[in-house]
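Summary of structural features
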Amino acid sequence: DSQPWTSDETVVAGGTVVLKCQVKDHEDSSLQWSNPAQQTLYFGEKRALRDNRIQLVRSTPHELSISISNVALADEGEYTCSIFTMPVRTAKSLVTVLGIPQKPIITGYKSSLREKETTTLNCQSSGSKPAAQLTWRKGDQELHGEPTRVQEDPNGKTFTVSSSVTFQVSREDDGADIVCSVNHESLKGADRSTSQRIEVLYTPTAKIRPDPPHPREGQKLLLHCEGRGNPVPQQYLWEKEGSVPPLKMTQESALIFPFLNKSDSGTYGCTATSNMGSYKAYYTLNVNDPSPVPSSSSTYHAIIGGIV
């Protein structure tokens with residue numbers, strides 16, 4: 001009954017740990033806590049070590065509880081609770097201090113990537129104990145990086161972890177966030193991650209949109225060549241099948257018909273060009289009679305575009 005008992009404790013660096021020692025039969029003796037270096041911390045209610053981080057929580061004949069605040073990695077080790085009966089009886093409490101991983105750093109991104117280019121990004125986080133794990137994702141999609149590499153920090157206690165991920169980019173990845181996250185028990189589920197937004201250069205696409213959608217004789221018509229791409233198309237070339245030369249070359253994307261005639265009917269092509277390439281869209285214009293009844297005879301289609 002005079003054998004004391006205690007428990008092992010785990011604490012995050014910077015946090016507070018409480019060491020609790022209990023005994024049923026104290027045999028008129030006081031309990032004592034000592035640190036891994038065998039220095040006495042408290043003997044009953046009496047503080048023995050001048051360290052303001054160590055405070056008395058509770059002292060009774062059956063219990064001695066102390067707290068250590070702002071715990072450092074150096075505080076890790078085996079603490080001993082003793083009772084000076086004959087013989088002296090002891091109980092051990094192993095205090096494990098978790099090192100908190102630093103916010104990860106992503107390197108390896110160069111200013112912009114071309115569609116279908118393969119890129120490698122690197123991620124690193126220091127200060128974890130035990131070693132943290134790194135994971136990658138693109139938006140909500142998991143990316144499979146290399147297994148986390150572990151290297152011991154100069155202090156001999158914590159670790160630096162690193163990981164690389166290699167992937168091919170597509171036009172859908174333009175503006176995507178590549179995220180590296182640290183997983184570690186000290187974070188207790190809190191998110192510790194860093195993101196890198198990537199820019200992807202890709203060839204343009206285009207489609208022609210009529211305004212109004214059902215053109216009539218005598219009306220004003222605008223054909224909008226809606227170009228997309230990164231960079232966005234800087235030049236638009238308008239042509240009408242069967243007529244040469246081209247109608248116009250412009251930085252504006254619209255072709256304007258101030259007053260539609262039947263003779264304007266035909267197939268129109270718009271070539272949208274950026275420094276990444278060109279794309280040609282087509283539209284067939286059927287000029288309807290000037291009646292108020294809407295007609296569906298005007299068709300519009302974006303046909304195969306190609307890089308020039």
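Bear in mind that the values here come from a model prediction, so they are computed numbers and not experimental data.

**Some points on the overall build of the chain**
Along its length, the chain carries zero helices and 26 strands. Here the C-alpha atoms of the chain give a radius of gyration of 37 Å, more than 25% beyond the 19 Å that 2.2 N^0.38 yields for 308 residues. Taking the principal axes of the C-alpha coordinates as reference, the chain spans close to 115 × 40 × 30 Å. Within the chain, counting contacts between residues at least 6 apart in sequence, those at least 24 apart form 61% of the total. Only carbon and sulfur atoms are counted for the fraction: they give 49% of the accessible area of the chain, which is about 16600 Å².

**Remarks on the domain arrangement of the chain**
Structurally, the chain comprises domain 1 (4-98), domain 2 (105-191) and domain 3 (203-285). Contacts between the two partners involve four residues from domain 2, matched on the other side by four residues from domain 3. Of the roughly 320 Å² buried at the junction of domain 2 and domain 3 (both faces included), carbon and sulfur atoms supply 34%. Counted by class, the side of domain 2 that touches domain 3 contains no nonpolar, no polar and four charged residues.

**Re a negative patch on the surface**
Together, Asp 1, Asp 25, Glu 27 and Asp 28 make up a negatively charged patch on the protein surface. Summarising the element assignment, Asp 1 is placed in the segment before strand 1 (9-12).

**Quick notes on the sheet that holds strand 4 (residues 40-43)**
Taking strand neighbours across the sheet as the criterion, the six strands line up as 1-9-8-3-4-5 in an open arrangement whose pairing is mixed. A strand with exactly one partner marks an edge of an open sheet, and here the two such strands are strand 1 and strand 5 (46-47). Where strand 1 and strand 9 (residues 89-98) come together, four bridges link them in parallel fashion. Counted as the bridge partner of Val 11 is Val 97 from strand 9.

**Overview of the pattern of salt bridges**
Evaluation of the coordinates by the stated rule reveals eleven salt bridges. As a salt-bridge pair, Glu 226 and Arg 209 come within 2.6 Å of each other at their nearest N and O atoms. Taken together, the residues Glu 226 in strand 20 (residues 221-230) and Arg 209 in strand 19 (residues 200-211) connect sequence positions 17 residues apart. Taking relative accessible area as the criterion, Glu 226 reaches 29% and is therefore assigned partly exposed. Its relative accessible area of 34% is what places Arg 209 among the partly exposed residues. Across the salt bridge formed by Glu 239 and Lys 280, the nearest N and O atoms sit 2.8 Å from each other. Highlighted residues: Glu 239 in strand 21 (residues 235-240) and Lys 280 in strand 25 (residues 277-285), separated in sequence by 41 residues. The class for Lys 280 is partly exposed, based on a relative accessible area of 24%. Connected through shared salt-bridge partners, Asp 51, Arg 53 and Asp 75 make up one network.

**Focus on the environment of Gly 139**
Residue position: Gly 139 is located in the loop between strand 13 (133-138) and strand 14 (141-143). Taking the C-alpha atoms as reference points, Gly 139 and Gly 77, 62 residues apart in sequence, are found 42 Å from one another.

**Details of the sheet that holds strand 2 (residues 17-22)**
Strand order in the open sheet formed by three strands is 2-7-6, and the pairing between neighbours is antiparallel. The outermost strands of the open sheet, each flanked by one partner alone, are strand 2 and strand 6 (54-60). For this sheet, the mean inter-axis angle between neighbouring strands, taken without regard to orientation, is 15°. Of the pairings in the sheet, the one linking strand 6 to strand 7 (residues 63-68) comprises six bridges and is antiparallel in character. What sits directly across from Ser 59, in strand 7, is Leu 64.

**Observations regarding unusual backbone geometry**
Along the chain, Lys 129 connects to Pro 130 via a cis peptide bond; the corresponding omega equals -10°. Here Pro 130 lies in the loop between strand 12 (118-128) and strand 13. Following Asp 211, the chain continues to Pro 212 via a peptide bond in cis, the omega torsion being 5°. The backbone phi angle of Gln 38 is positive, close to 65°, even though this residue is not glycine. Its place among the elements puts Gln 38 in the loop between strand 3 (31-34) and strand 4. The phi dihedral of Lys 188 is positive, around 50°, even though this residue is not glycine. Along the chain, Lys 188 turns up in the loop between strand 17 (177-183) and strand 18 (193-197). For Lys 188, a relative accessible area of 72% corresponds to the exposed category.

What counts, and at which threshold
- Residues numbered from 1 in each chain as written.
- Predicted model: local features only at pLDDT ≥ 70, side-chain atom pairs only at ≥ 80, totals over all residues.
- Heavy atoms only, no water.
- Helix = DSSP H or I, 4+ residues; strand = E, 2+ residues; numbered from the N terminus.
- Rg over C-alpha atoms; globule rule 2.2 N^0.38 Å.
- Contact = heavy atoms within 4.5 Å.
- Areas by Shrake-Rupley, 256 points an atom, 1.4 Å probe, with all protein chains shown as cover.
- Domains from an automatic or database assignment.
- Buried area = accessible area lost by both parts, 1.4 Å probe.
- Nonpolar A, V, L, I, M, F, W, Y, C, P; charged D, E, K, R; others polar.
- Patch = residues over 30% accessible without salt bridge, like charges linked within 9 Å, V, L, I, M, F, W, Y side chains within 5 Å.
- Salt bridge = Lys/Arg side-chain N within 4 Å of Asp/Glu carboxyl O.
- Lys, Arg positive; Asp, Glu negative; His and termini not counted.
- Charge placed at Lys NZ, Arg CZ, Asp CG, Glu CD.
- Pairing = 2+ DSSP bridges.
- Buried < 20%, exposed > 50% of the residue type's maximum accessible area, 1.4 Å probe, protein only.
- Axes fitted to C-alpha atoms, helices over the stretch in contact; angles between N-to-C directions.

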